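Below, each chain spelled out in residue letters.
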Amino acid sequence: MTDATGRGHGRGHGGEQLTVPPADFSSYYGRPILKAPVWKRDIAGYLFSGGLAAGGALIGAGAQLTGRPALRRVGRWTALGGTVGSAYLLVHDLGRPERFHHMLRVAKLTSPMSVGTWILTVFGPVAGVAAVAELAPRLPQHGVLGLARRLAPSVGDVAGLAAAATAPALATYTGVLLADTAVPAWHDAYPFLPFVFGGSALAAAAGVGLIAAPAAETVPLRRLAVAGAAIKLVGGHRMERLRITGEPYRHGHSGRLVRAGNVLLSVGAVAALLGRRNRALSVLAGAALVASSVATRFGIFEAGSVSARDPRYTVVPQRERLAEHGPTVADGRR
């Protein structure tokens, strides 16, 4: 029999009343309800570097189309550097390089991991060609290398645009990848994670441009930094306001990282607007924007691990959905 509080009551030997304590969701028969992600922090770095590569490709293509050669070089080399970092971190997490190759044997559209692997495989070579084409002026003017010098700019332009066409998918698919898991803090944030990652990627790449490109060519970057910051902050606010599964984004070590990312992003965006004629302020803005993206990715990664380890984040949302929709509706974790 239960009373109004939901606690069970009965009578033992001698007539004393026995009370069953409420469940504390500590485990399922001594075992965790969910298995925590096996990914190491290499994957948090991969989330950052992939976004940086995508943002760099977009900036490089924009600079190419608007006649900003120095900014174009910065964007293309940022894209290549981010791609190399992503590939290294992914292979390092997999443990053996051949595992990356094995993932290319099948293209599975219903698997974000498979799709992401192919996106990176397509993006990497064209980003590399676009960046290497920037070395053409250093080649000899005659002979075979002279021919390469003359052809490289056109080839680089085509490759740069191809990389930019793939970049939005590269910047956002990692948000879909995390949301497609059963990890509560990631799964419940599925409407917001792609926007958070996309906005953060744009802001970080704009930050690199503010540091490395001449001030005369950075006016579009300042606007891009503000736009990326707005997208990220709005999406992040909605993500942090989730019911119980939003707690890891607000509390603990993961919450501190997410808050640091928000503060650095706000500082970077404001400094980018104010630093048009101040080189030191522009560099400060760029550093803050890049650091914000790092803190955001690691904070989100850590929040997912926290929510997987604590059974409350699995059981409470299930009970809330059951209470809302009734016992005939199955709990729908994808």
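Refer to the structure printed above.
Residues numbered from 1 in each chain as written. Predicted model: local features only at pLDDT ≥ 70, side-chain atom pairs only at ≥ 80, totals over all residues. Heavy atoms only, no water.

A. Representation of the side chain of N262. If you trace the backbone, N262 turns up in helix α9 (residues 252-274). Side chain to side chain, N262 and K232 meet in a polar contact 2.4 Å long. With residues up to four places along the chain from it excluded, the contact list for N262 reads K232, L233 and E240. (Helix = DSSP H or I, 4+ residues; strand = E, 2+ residues; numbered from the N terminus. Polar contact = N/O pair within 3.5 Å; in protein donor to acceptor, adjacent residues only side chain to side chain. Contact = heavy atoms within 4.5 Å.)

B. Summary view of helix α1 (residues 42-66). For α1, spanning 25 residues, the distance from its first C-alpha to its last is 36 Å, which sits close to the expected 36 Å at 1.5 Å a residue. Judged by how many residues are buried, α1 sits mostly within the fold: 21 of 25 residues are covered. Among the residues trailing α1, G67 stands out with phi positive, at a value near 70 degrees. (Expected span 1.5 Å × (residues − 1). Buried < 20%, exposed > 50% of the residue type's maximum accessible area, 1.4 Å probe, protein only.)

C. The arrangement of a nonpolar patch on the surface in detail. Together, V129, L147, L151 and V155 line one region of the surface with nonpolar side chains, adding up to about 330 Å² of accessible area. Here the nonpolar patch gets three residues from one element, more than from any other, and that element is helix α5 (residues 143-179). You can see L147 is positioned in helix α5. By relative accessible area, which is 42% here, L147 ends up partly exposed. (Patch = residues over 30% accessible without salt bridge, like charges linked within 9 Å, V, L, I, M, F, W, Y side chains within 5 Å. Areas by Shrake-Rupley, 256 points an atom, 1.4 Å probe, with all protein chains shown as cover. Salt bridge = Lys/Arg side-chain N within 4 Å of Asp/Glu carboxyl O.)

D. The arrangement of the environment of K232 in detail. Counting through the fold element by element, K232 comes out in helix α8 (residues 219-240). C-alpha of K232 to C-alpha of L193: the two residues are 39 residues apart in sequence and 9.1 Å apart in space. Beyond its immediate chain neighbours, meaning those up to four positions away, K232 contacts F195, V196, G199, S200, N262, L265 and T296.

E. Looking closely at empty space enclosed by the protein. Throughout the structure, instances matching the rule amount to three cavities of 30 Å³ or more. Of the voids in this model, the largest cavity is the one considered here, and its volume is about 50 Å³. Around the largest cavity, the lining residues are G56, A57, G60, A61, G75, R76, A79, A127, A130, G160 and A163. Listed by contribution, the elements that provide at least two residues to the lining of the largest cavity are α1, α2 (69-94), α4 (112-132) and α5. Residue contributions to the lining of the largest cavity peak at four residues, all from α1. Of the residues assigned to the lining of the largest cavity, the class counts are six nonpolar, four polar and one charged. (1 Å grid on protein atoms, 1.4 Å probe; cavity = no way out; pocket = protein on both sides within 12 Å on 5 of 7 lines; lining within 4 Å. Points joined across faces, edges and corners; volume = space filled by probe spheres on them. Nonpolar A, V, L, I, M, F, W, Y, C, P; charged D, E, K, R; others polar.)

F. Structural detail: the pattern of salt bridges. For the coordinates displayed, the defined rule picks out six salt bridges. Across the pair E134 and R76 runs a salt bridge whose closest N-O atoms are separated by 2.8 Å. Of this pair, E134 sits in the loop between α4 and α5 while R76 sits in helix α2; the two residues are 58 residues apart in sequence, bridging distant segments of the chain. Summarising the burial analysis for this pair, E134 and R76 share the class buried. A single salt-bridge network, built from bridges that share partners, covers R72, R76, E134 and D157.

G. Inspection of the packing of helix α7 (residues 193-212) against α8 at higher detail. Between α7 and α8, whose axes approach to 7 Å, the crossing angle comes to 150 degrees. The angle between α7 and α8 places the two elements in the roughly antiparallel class. Judged by the twist between their axes, the crossing of α7 over α8 is left-handed. Residue-level contacts link L193, F195, V196, G199, S200, L202, A203, A206, G209 and L210 of α7 to L221, R222, L224, A225, G228, A229, I231, K232, G235, G236 and M239 of α8. (Axes fitted to C-alpha atoms, helices over the stretch in contact; angles between N-to-C directions. Parallel < 35°, antiparallel > 145°, perpendicular 65-115°, else oblique. Left-handed = near helix turned anticlockwise from the far one by under 90°.)

H. Quick look at the layout of surface pockets. Its boundaries defined by the atoms lining it, the largest pocket holds a volume of some 300 Å³. Contributing to the lining of the largest pocket are twelve residues, with D188, R243, T245, P317 and R321 lying nearest its centre. The element contributing the most residues to the lining of the largest pocket is helix α11 (residues 312-325), with four residues. Considered class by class, the residues forming the lining of the largest pocket number four nonpolar, three polar and five charged.

I. Broad picture of the packing of aromatic side chains. If you walk through the whole model with that rule in mind, you get one aromatic pair. Measuring from centroid to centroid gives 6.2 Å for W186 and F301, while their planes differ by 40 degrees, and the two rings are tilted. Here W186, found in helix α6 (residues 184-187), pairs with F301, found in helix α10 (residues 279-309); they are 115 residues apart in sequence, far enough to count as distant. Each member of the pair, W186 as well as F301, is classed as buried. Directly above the ring of F197 sits R297, whose terminal nitrogen or CZ lies 4.5 Å from the centroid. Above the plane of the ring of Y313 lies R312, whose end atom (NZ or CZ) is 4.8 Å from the centre. (Phe/Tyr/Trp six-rings, centres within 6.5 Å; stacked < 30°, edge-to-face > 60°. Lys NZ or Arg CZ within 6 Å of the ring centre and 35° of its normal.)

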